[in-house]
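Chain by chain, the residues:
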Amino acid sequence: MTLNGWLQILVFCGVVILLVKPLGGYMARVFNGEPTLFSPVLRPFERALYAAAGTHEREEQHWTRYAAAMLLFNLAGFLLLYLLQRFQGALPFNPVGMAAVPPELSFNTAVSFMTNTNWQNYGGESTMSYLVQMAGLTVQNFLSAATGIAIAVALIRGFARASGRAVGNFWVDMTRATFYLLLPLSIVLTIVYVFLGVPQTL
């Protein structure tokens, strides 16, 4: 490996170590339901989402219910992304009239984005319509990452509550991971990309 490669690894590890305490502390506050910097803005949306979903932030789930909720949620995301690709030719936000994505590629893409592996066997701008990219791929980029965070948080709770039966609430963990972690980080990264002059389309 080159010196540049080793330096990149060292810089990456250094950044991770520097972020452990501030980001870890912030995440602990988020998933314990404690107030954060973003709470005044995000709490009303969070509560409205819980009300619409028929859950409550203090309602905890046994690990089997937590796992079932996670699996059903991701199955729904898979089906939505698969169907968006298969019917993209008849859906709006397709200005160049791209045809439906073939079944095998639709299945592979839906599975890979649902599992956050994002394996792509196509050129996005030449295969997927704007709608599929925005409502399908981008949404799954967020939700699959939020699912991974939620599972990690539930696993930590499971270890910390060795004698308990509940590991939290999947819907609450997903909401908090998306609202308090992924959205703020995406806004910061967007500003960085704009500053760097990264070209952007719809």
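What counts and how
- Residues numbered from 1 in each chain as written.
- Predicted model: local features only at pLDDT ≥ 70, side-chain atom pairs only at ≥ 80, totals over all residues.
- Heavy atoms only, no water.
- Core = buried A, V, L, I, M, F, W, Y, C linked by side-chain atoms within 4.5 Å.
- Buried < 20%, exposed > 50% of the residue type's maximum accessible area, 1.4 Å probe, protein only.
- Helix = DSSP H or I, 4+ residues; strand = E, 2+ residues; numbered from the N terminus.
- Contact = heavy atoms within 4.5 Å.
- Phe/Tyr/Trp six-rings, centres within 6.5 Å; stacked < 30°, edge-to-face > 60°.
- pLDDT = per-residue confidence, 0-100.
- Expected span 1.5 Å × (residues − 1).
- Bend = angle between axes of the 7 residues up to and from the residue.
- Polar contact = N/O pair within 3.5 Å; in protein donor to acceptor, adjacent residues only side chain to side chain.
- Axes fitted to C-alpha atoms, helices over the stretch in contact; angles between N-to-C directions.
- Left-handed = near helix turned anticlockwise from the far one by under 90°.
- Nonpolar A, V, L, I, M, F, W, Y, C, P; charged D, E, K, R; others polar.
- Patch = residues over 30% accessible without salt bridge, like charges linked within 9 Å, V, L, I, M, F, W, Y side chains within 5 Å.
- Areas by Shrake-Rupley, 256 points an atom, 1.4 Å probe, with all protein chains shown as cover.
- Salt bridge = Lys/Arg side-chain N within 4 Å of Asp/Glu carboxyl O.

Concerning the nonpolar core
- Counting 21 residues, the largest nonpolar core has Phe-31, Tyr-66, Ile-149, Phe-170 and Tyr-180 as the members making the most contacts within it.
- Elements that contribute at least two residues to this core include exactly helix 1 (3-31), helix 3 (63-86), helix 6 (130-160) and helix 7 (170-196).
- Of all the elements, helix 7 adds the most residues to this core, at 7 residues.
- Not counting residues within four places of it along the chain, the set of residues in contact with Tyr-180 comprises Tyr-26, Val-30, Thr-36, Phe-38, Ser-39, Leu-42, Arg-43 and Glu-46.
- Counting residues in each nonpolar core, the second largest holds 13 residues, with Phe-78, Leu-84, Phe-113 and Met-114 among its members.

Quick word on the packing of aromatic side chains
- Counted under the stated rule, the structure contains 7 aromatic pairs.
- A centroid spacing of 5.9 Å and a plane angle of 65° characterise the contact between Phe-73 and Phe-170, whose relative ring orientation is edge-to-face. Note that Phe-73 is positioned in helix 3 and Phe-170 in helix 7, a separation of 97 residues in sequence.
- Note on Phe-73: relative accessible area 23%, which makes it partly exposed.
- For Phe-170, a relative accessible area of 0% puts it in the buried group.
- Three or more aromatic residues link up through ring pairs in this structure, and these residues are Tyr-66, Phe-73, Phe-170 and Trp-171.

Thoughts on the confidence of the model for the protein chain
- Here the protein chain averages 92 in pLDDT, and 99% of its residues register 70 or above.
- Per-element mean pLDDT across the protein chain ranges from 80 in helix 5 (residues 124-127) up to 96 in helix 3.

Overview of helix 7
- Its 27 residues place the ends of helix 7 37 Å apart at the C-alpha level, agreeing with the 39 Å of an ideal helix rising 1.5 Å per residue.
- Along helix 7, the sharpest change in direction is near 35° and occurs at Thr-178.
- By the N-cap criterion, in which a side-chain oxygen at the helix start approaches the backbone nitrogen of a residue two or three places on, helix 7 is capped by Asn-169, the distance to Trp-171 being 2.9 Å.
- Just downstream of helix 7, Gly-197 is the residue with a positive phi angle, here 80°.

Section: the environment of Leu-49
- Here Leu-49 shows up in helix 2 (residues 39-53).
- Taking the C-alpha atoms as reference, Leu-49 lies 9.5 Å from Trp-171; in sequence the two are 122 residues apart.
- Ignoring anything within four residues of it in the chain, the contact list for Leu-49 reads Thr-175 and Phe-179.

Looking at the packing of helix 2 against helix 7
- Between helix 2 and helix 7, the least distance of the axes is 11 Å, while the angle of their chain directions is 145°. With respect to the hand of their crossing, helix 2 and helix 7 are arranged in right-handed fashion. Contact residues: helix 2 offers Ser-39, Leu-42, Arg-43, Phe-45, Glu-46, Leu-49 and Tyr-50, while helix 7 offers Trp-171, Val-172, Thr-175, Arg-176, Phe-179 and Tyr-180.
- For the contact of helix 2 with helix 7, a count of residues per class yields 8 nonpolar, 2 polar and 3 charged.

So, a nonpolar patch on the surface
- Together, Val-188, Leu-189, Val-192, Tyr-193, Phe-195, Leu-196 and Val-198 give the surface a local cluster of nonpolar side chains, amounting to about 730 Å² of exposed area.
- Along the chain, Val-198 turns up in the segment after helix 7.

Looking at the environment of Ala-145
- On the secondary structure map, Ala-145 appears in helix 6.
- Ala-145 has contacts with Asn-116, Gln-140 and Leu-182, leaving out every residue within four places of it along the chain.

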